[in-house]
Structures are given as structure tokens and as C-alpha cells.
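Architecture and fold: a report
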Amino acid sequence: MSTPAPDATFIPATGLLAGLDLLQVSQDGAVLHIRLNRPVKRNAINDGLIAQLHTAFVNLPADVRAVVVSGEGAHFCAGLDLSELVERDIHAAILHSRGWHAAFDAIQYGRVPVIAVLHGAVVGGGLELAASCHIRVAEDSAYFGLPEGQRGIFVGGGGSVRIPRLMGAARMTDMMLTGRVFDADQGERYGVVNYRVGDGAGLAKGIELARKIAGNAPMTAFAVMHALPRIVEMSPSEGLFAESLMAASASNTPEAQARLRAFLEGRAGKVVKE
């Protein structure tokens, strides 16, 4: 008997999300699955795909509390679709880059946490997309590259801000100047990857994590997504003050109070090592 696909219980999205032809969008309860759907192009990002990603993340269904992003076919995302790269004047080029920033900001600073499931090429803009997600699961086949140095271009989708915060500026410099490619194990060792799984196991792990995350209090998820990355950039005194404000806000919601009572009354599990 064959094993059902990890997303076998997911139902295709309706309405606006159903009309995004460069994405496959489906939902199961509080978890939404967004699959990049340009496999012939190794899911390379063109103007249409970046616009559809932006549309999807600013129009998430109200009952969604976590999102999984993956890629159809043999690769997660091979980056910018160079076949559609056109000559632009400086103003148009800046606006093009800012469009990518808007899409990836909608992921990182959106309404719900996002898990990226990575396999095959995670290159250029694909790595920028992955870096905008909150958790990254990599299969054995995943590999990471930033070929912009060899292409005569520079990262424009937020990579210069997000990627060094994961792997460090020195490693990103090496990748861009030499074309060095990291495999999945190196990606984990260097901080890009949170979870390592075998080939074919990434989506199941991503959905498992998304379901766990979807059970968290929304205000806590919001604090982790929006406050934590900003606090990290503050001076210690400003960060500690912002932490106090966020801790007070999160712990005094009705849901947080109910969860704390459940723990004190023995109705919630304790932290254990799995």
C-alpha cells in the first residue's frame, strides 16, 4: 500500500488564491500550503511570480495560522528568471527591487509564521525567499548558491540584509565572489537551515512544524515575528524596554491567561526532551 502524500488532506484554495496560476495553494485547517509552480523553469522567479507571492501573503484566509512554502518539481527555486531580465533604467530597476522587498516583507512581517521546505536549487532569489521565511527545512538534495557575482548583478530581493543575519557576511561574501555552493549539511552548520531531513521528507516535516506552530497563541507568534528581529537590532537598553512592553502585551491576552491557568492546573504538558 502506497503512503499518502503529506498534503493529501489539503483542499485547493478558492477565491482570489485559486486564481494565482504560478502558485498551487491549498489548505488544511489552520495550515496553508503555497507551492511555487514553475517547475520547467526550476521555479525561477519572474515578475508574475513575485507579484503572486505578494498577493497570496497579503490575502491569507482569516483562519490560517501558519504557512508552508515549497517548490514543485526537482527544485525549490533557482532564483531570478534571467530569461525575462530586461534592461531597465535606474529608477525602474530600483522599483523592481522594491517590489521584491515588498513581497518578502509580507512574508517575514506578515500575519503568520512561514516554514520553507527546501530541496534542489535554493539559489539567488530562491535563497532570498527562503531567508524571508521564519523556519527552513532542508532535504538532502538542497544546495545554496549566490551566483550574482558571476552574472554581473547584485542581490536585490533583501538578501544583503537577511542572509548575513543567518550565515554571516563573510560566508555570503565568499559565495558571491567565488560562486561557492553550500550543500544541505553546510547550510545547517552555517545557520541557514533549521531542520535537516532526507529527500522526500521535507514537506511532511514542514507541515508537522506548521501544525505545531498553528497551535500557539497568535500574540506570541506576532511578538516572535515582529518584535524579536527588531529588538535584536536595538541597543541593549532599548531592546530590554521593548521586550518588557511585548512581554506584558503577550502575557495579558485572554488566550495567554487561559493557557497559563491550564499549565498551573496540570492540564498542559511540561517541557520535555523529545
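Below, the structure is looked at part by part. Given the structure is predicted, the values throughout are model-derived calculations rather than measurements.

About the thresholds
- Residues numbered from 1 in each chain as written.
- Predicted model: local features only at pLDDT ≥ 70, side-chain atom pairs only at ≥ 80, totals over all residues.
- Heavy atoms only, no water.
- Pairing = 2+ DSSP bridges.
- Helix = DSSP H or I, 4+ residues; strand = E, 2+ residues; numbered from the N terminus.
- Expected span 1.5 Å × (residues − 1).
- Buried < 20%, exposed > 50% of the residue type's maximum accessible area, 1.4 Å probe, protein only.
- Arc of directions from axis to C-beta.
- Axes fitted to C-alpha atoms, helices over the stretch in contact; angles between N-to-C directions.
- Parallel < 35°, antiparallel > 145°, perpendicular 65-115°, else oblique.
- Contact = heavy atoms within 4.5 Å.
- Core = buried A, V, L, I, M, F, W, Y, C linked by side-chain atoms within 4.5 Å.
- Phe/Tyr/Trp six-rings, centres within 6.5 Å; stacked < 30°, edge-to-face > 60°.

Bringing the sheet that holds strand β3 (residues 31-36) into the picture now. Strands sit in the order β1-β2-β3-β4-β5-β7-β10 across an open sheet of seven strands; the sheet is mixed. Each edge of the open sheet carries a strand with a single partner, namely β1 (11-12) and β10 (195-196).

Its 16 residues give helix α10 (residues 236-251) an end-to-end C-alpha distance of 22 Å, which sits within 8% of 22 Å, the value for a rise of 1.5 Å per residue. Those residues of α10 that sit buried are G239, A242, M246 and A250. Angularly, the buried residues of α10 cover 70° about the axis, an arc narrow enough to put them on a single face. Facing away from the buried side of α10, by more than 90 degrees, are the exposed residues S237, L240 and F241.

Note: strands within a sheet are paired through backbone hydrogen bonds, in either parallel or antiparallel orientation. The three strands are arranged β6-β8-β9 in an open sheet whose pairing can be described as mixed. On the outer flanks of this sheet lie β6 (121-123) and β9 (182-183), each paired with one strand and no other. Across three bridges, the pairing between β6 and strand β8 (residues 143-145) is parallel. Following the sheet pairing, V123 is matched in β8 by G145.

For the rest of this paragraph, the subject is the pairing of strand β7 (residues 135-138). Within a regular beta strand, the side chains point alternately toward one face of the sheet and then the other, so they alternate between its two faces. Burial of β7 is two-sided: the residues I135 and V137 facing one way and the residues R136 and A138 facing the other way are all buried. The pairing of strand β5 (residues 114-118) with β7 spans four bridges and is parallel. In the strand pairing of β7, V117 is matched with V137.

Let's shift gears to the packing of helix α9 (residues 218-233) against α10. Running from N to C, α9 and α10 point in directions that differ by 175°, and their axes come no closer than 10 Å. With respect to their mutual orientation, α9 and α10 come out roughly antiparallel. From α9, M219, T220, A223, A227 and I231 reach across to α10, where they touch G239, A242, E243, M246, S249 and A250.

Time to look at the nonpolar core. Side chains that are nonpolar tend, in soluble globular proteins, to be buried together. Ranked by internal contacts, the top residues of the largest apolar core, which has 51 residues, are L23, I34, F57, V67, L118 and F144. Core analysis: the next-biggest nonpolar cluster, separate from the first, contains 15 residues, A66, V68, V137 and L203 among them.

Attention shifts here to the packing of aromatic side chains. By the definition in use, this model includes two aromatic pairs. Where W100 meets F104, the ring centres are 5.8 Å apart and the plane angle is 80°; that geometry is what we call edge-to-face. Placement of the pair is W100 and F104 together in helix α2 (residues 90-108), with a separation of four residues, close to one helical turn. Comparing W100 with F104, the two get one shared label, buried. Measuring from ring centre to ring centre gives 4.8 Å for F182 and Y190, while their planes differ by 70°; the resulting arrangement is edge-to-face. Using a relative accessible area of 2% as the deciding quantity, one classes F182 as buried.

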